[in-house]
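So you can see what is in the structure, the chains are spelled out below.
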Amino acid sequence: MMAETKESELVEEPLFIWKTEDVYTNPTEVKMSQLILPCHANHRGELSTGQLLKWMDTTACLSAERHANCPCVTVSVDDIDFEHTLSIGQVVNFKAKVNRAFNTSLEVGIAITCEDPSSGMQWKVCNAFATFVAKGGKGLGKVQLKPMAPGTSEEQMEYSIAAERRRMRLRHLETIKDLVSSSTIQNETNSEEYQSAVPAGKTRVESIELVLPPHANHQGNTFGGQIMAWMESVAAISASRFCKGHPVLKTIDMFHFRGPSNVGDRISLKAIVNNAFKTSFEVGVCAEAYHQEVWDRKTHINSAFLTFVMLGKDGELSTLPCIKPEPGDGERRYREASARKKIRLDRKYIISCKQTEVPLSVPWDPSNQVYLSYNNISALKMLAAKQNWVLNCTQNKAKLFTLEEGQFLSFKVEMSVSVNVKQVFTLLSDMSRRHEWDSHYQKFELIQKVDEDDVIYHVIGPTHSKGSNFQDFVLLASRRVPCADGDPYLIALRSVSLPAAPPTEDLVRSEVLCAGFTLWEEEDTQTRITYYIQATPGILPYITCNITGLSADLCKIIEACHKFLEQNKDMANVAL
Ligand code: COA
Ligand code: ADP
């Protein structure tokens, strides 16, 4: 085991639920359990990650095909963080189900756990999301998929957030390209350590594989899992050449299958260490296919970046030597690997903030812009999907609900307006007009228009806190139009911090973890508006000091919002 399993990490739910007539089971759910045998393991008796990826892809592909009713191919697998390694004699369990079907592609969620049969203990290994495209058959094109109907509230939430993950995936390549090209990280070619560094060329690996029938489906298309396994295998050799030992794979950045390969193709695999940090290092690997009968022409199948660590005898992370990149491409990859590492760390920080660590504001940085926006929207979607909202009161057709969870008290206010949903969306997205209906927005200043959907602004309003009459927020507002019929319009808000708007002595800097609107079209000129706000201890004074006051205050704001929308609907520009 890589790290000792903590009590809190144990899987609480039983993995296997006997199906009875009244237990709902998703029709696309596929489970697979495998006993780890020596043939699946490396020389240390640990399950090879390549084998894990193959099983994962098989389970997920079957789930995709259950929905599609035709063969599916892997298009991408999102970033994976491995929390534990697995050993011979343990059982690895896979559970996959379709979260959402889009047009020709669908997202499958996969949960991987490990089970120790001798103790009965189970723990999480990782979660993954894979996207598949439905193909009509040999030589045939993509197939339009039927929509997926979520069966439970949890599935409804995954369905909703899947649209946001898809948006991020489709922007991934472009985002990473922009980030690495704009990175200001310099090669430290003058340091003493660098002079005694390991030459990157010593870690270069080249290999070739022939695609045989067992590596492909019945249509002859190579399984994505097989390609990932081959890529992982050459990356592991490159990694072991660097640290002269057997490192452990910690994370894999998104895999994207750019083109197909078939039985009979030769797959060329190349790997090299791109950069080494203090205790982790990145190996890049590139897979290309030489197709039958046109051996002189190759197509780029996939490129992946894997992060490894080296463990000492006591299980502690070992300190690593520096790497000396090769001139030209090597130096570029060295800088790009540093930029990718920064992106990974920033994302971890965003996730940990979501889990209520302080401070709640995440630092704004263009390198995590897409992820922050994704996180902003998905936090609102998750809050909206909660099941245990309790109706608190009804005031002038507005219904106020509360939800208590840990240190958070959340509110939602629901009302209907006789205004077209696009007009409501346009009016509520315009933060510069919020002061017209929300007395807490006394002063508004746009700090940055990030893109079409995201803005950062500074707002000042009254407070009941001691020491000042005013508080301020720096908020990221992210808006989304529906991905498909049946999705709401969304406007999500969360606090960020950035040097252009530092806290000042005369204002109490306050923070919002999650707030915003969901807008559902009820009829052509009727919209159901739900306003959410997660009241962390820091923002309670934003409204007033007690629950009754809070409820009354929120209802008053929503009533003013209602009036504002009715009065301004004809002025709203709905060109979305
Ligand atoms: N992640 C997730 N989904 C992606 C994606 C990515 N990086 N890139 C494209 N897609 C989705 C698109 O959103 C679209 O889905 P939608 O119809 O539901 O909106 C679908 O894939 C097709 O995208 P499109 O831009 O029309 O691509 P295309 O027609 O050029 O080809 C593939 C897409 C998947 C058919 C092609 O890239 C391919 O054959 N890849 C190899 C797949 C394979 O064989 N994998 C097995 C291992 S080799
Ligand atoms: P990039 O060069 O932009 O990183 P590629 O798709 O060309 O993208 O390659 C992905 C990774 O594969 C590289 O970062 C590198 O680590 C590895 N790689 C590419 N070409 C070679 C090669 N000829 N030899 C060894 N490794 C390679």
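Okay, so let's go over this structure. (Residues numbered from 1 in each chain as written. Chains lettered and ligands numbered in written order. Predicted model: local features only at pLDDT ≥ 70, side-chain atom pairs only at ≥ 80, totals over all residues. Heavy atoms only, no water.)

## Quick word on the overall build of the protein
Each helix and strand in the protein was counted, giving nine helices and 25 strands. For the protein, with 576 residues in total, the buried portion stands at 53%. Sequence separation of 24 or more characterises 68% of the internal contacts of the protein that already satisfy a separation of 6 or more. Per element, the accessible surface of the protein, about 27200 Å² overall, is 52% carbon and sulfur. (Helix = DSSP H or I, 4+ residues; strand = E, 2+ residues; numbered from the N terminus. Buried < 20%, exposed > 50% of the residue type's maximum accessible area, 1.4 Å probe, protein only. Contact = heavy atoms within 4.5 Å. Areas by Shrake-Rupley, 256 points an atom, 1.4 Å probe, with all protein chains shown as cover.)

## Focus: the sheet that holds strand S8 (residues 205-210)
In space, the six strands of this open sheet follow the order S3-S9-S13-S12-S11-S8, with antiparallel pairing throughout. Of all the strands in the sheet, the pair left with one neighbour each is strand S3 (80-81) and S8. Of the strand pairs in this sheet, strand S11 (residues 266-276) and strand S12 (residues 280-290) are connected by 10 bridges, and their pairing is antiparallel. Its bridge partner lying in S12, isoleucine 267 is registered against alanine 289. Running at roughly 40° to S11, helix H4 (residues 224-243) makes contact with S8, strand S9 (248-252), S11, S12 and strand S13 (298-309) of the sheet. (Pairing = 2+ DSSP bridges. Axes fitted to C-alpha atoms, helices over the stretch in contact; angles between N-to-C directions.)

## What about the sheet that holds strand S4 (residues 91-101)?
Strand order in the open sheet formed by six strands is S1-S4-S5-S6-S2-S10, with antiparallel pairing between adjacent strands. Each of the sheet's edge strands pairs with one partner strand only, and the pair in question is strand S1 (30-35) and strand S10 (255-256). Summarising the sheet, strand S2 (residues 72-77) and strand S6 (residues 121-134) pair through five bridges and their orientation is antiparallel. Across the sheet, the residue bridging to threonine 74 is phenylalanine 132, located in S6. In the packing of helix H1 (residues 49-68) onto the sheet, contacts are made with S1, S2, S4, strand S5 (105-116) and S6, and the angle to S4 comes to roughly 35°.

## Side note on the packing of H1 against H4
At a minimum axis separation of 8 Å, H1 and H4 run at an interaxial angle of 170°. With respect to H4, the element H1 is oriented roughly antiparallel. Within the contact between the two elements, H1 uses Thr49, Gly50, Leu53, Lys54 and Asp57 and H4 uses Gly224, Gly225, Gln226, Met228, Ala229 and Glu232. Looking at the contact of H1 with H4 residue by residue, the classes come out as three nonpolar, five polar and three charged. (Parallel < 35°, antiparallel > 145°, perpendicular 65-115°, else oblique. Nonpolar A, V, L, I, M, F, W, Y, C, P; charged D, E, K, R; others polar.)

## Overview of the pairing of strand S19 (residues 443-449)
As judged from the six bridges shared by S19 and strand S20 (residues 454-462), these two strands associate in the antiparallel manner. When the bridges of S20 are listed, phenylalanine 444 appears paired with valine 459. Between S19 and S20, which follow one another and run antiparallel, lie four residues.

## A look at the site of ligand 1
Taken together, 23 residues sit near ligand 1, with Asn103, Thr104, Ser105, Lys142 and Arg166 positioned nearest. Contact distances for ligand 1 include 3.1 Å between an oxygen atom and a backbone N or O atom of arginine 258. Secondary-structure elements contributing two or more residues to the shell around ligand 1 are S2, S6 and helix H2 (153-182). Top contributing element to the shell around ligand 1 by residue count: S2, with four residues. Considering only residue class, the shell around ligand 1 consists of seven nonpolar, 11 polar and five charged. (Near = heavy atom within 4 Å. Polar contact = N/O pair within 3.5 Å; in protein donor to acceptor, adjacent residues only side chain to side chain.)

## A closer look at the side chain of serine 338
Tracing the backbone through its elements, the reader meets serine 338 in helix H5 (residues 329-354). Note on serine 338: relative accessible area 12%, which makes it buried. Of note is the side chain of serine 338, whose polar atom sits 2.9 Å from the side chain of asparagine 275.

## Things to note about unusual backbone geometry
Excluding glycine, a negative phi dihedral is what most residues carry, and trans is how most peptide bonds are arranged. Positive phi outside glycine occurs at asparagine 69, with the angle close to 60°. With respect to the secondary-structure elements, asparagine 69 resides in the loop between H1 and S2. Judged by relative accessible area, which is 63%, asparagine 69 ranks as exposed. A positive phi is found at lysine 244, a non-glycine position, where the angle reads about 50°. Secondary-structure assignment places lysine 244 in the loop between H4 and S9. A residue is classified by how much of its surface remains accessible, and lysine 244, at 74% relative accessible area, is exposed.

## A word on the site of ligand 2
As a structural note, the neighbourhood of ligand 2 is formed by 13 residues, with Arg204, Asn274, Ser303, Arg332 and Arg333 the closest of them. With respect to ligand 2, the backbone of alanine 271 contributes an N or O atom lying 3.5 Å from a nitrogen atom. At 2.9 Å, a side-chain N or O of arginine 332 approaches an oxygen atom of ligand 2. Contact with the protein chains removes 80% of the 520 Å² of surface that ligand 2 exposes when unbound. Secondary-structure elements contributing two or more residues to the shell around ligand 2 are S11, S12, S13 and H5. The element best represented in the shell around ligand 2 is S11, accounting for four residues.

## Examining the pattern of salt bridges
Applying the stated rule across the entire model yields 27 salt bridges. When the shortest N-O distance is used, the salt bridge between aspartate 253 and arginine 344 registers 3.0 Å. Taken together, the residues aspartate 253 in the loop between S9 and S10 and arginine 344 in helix H5 connect sequence positions 91 residues apart. Each of Asp78, Glu107, Glu158, Arg165 and Arg169 takes part in one network of salt bridges that share partners. (Salt bridge = Lys/Arg side-chain N within 4 Å of Asp/Glu carboxyl O.)

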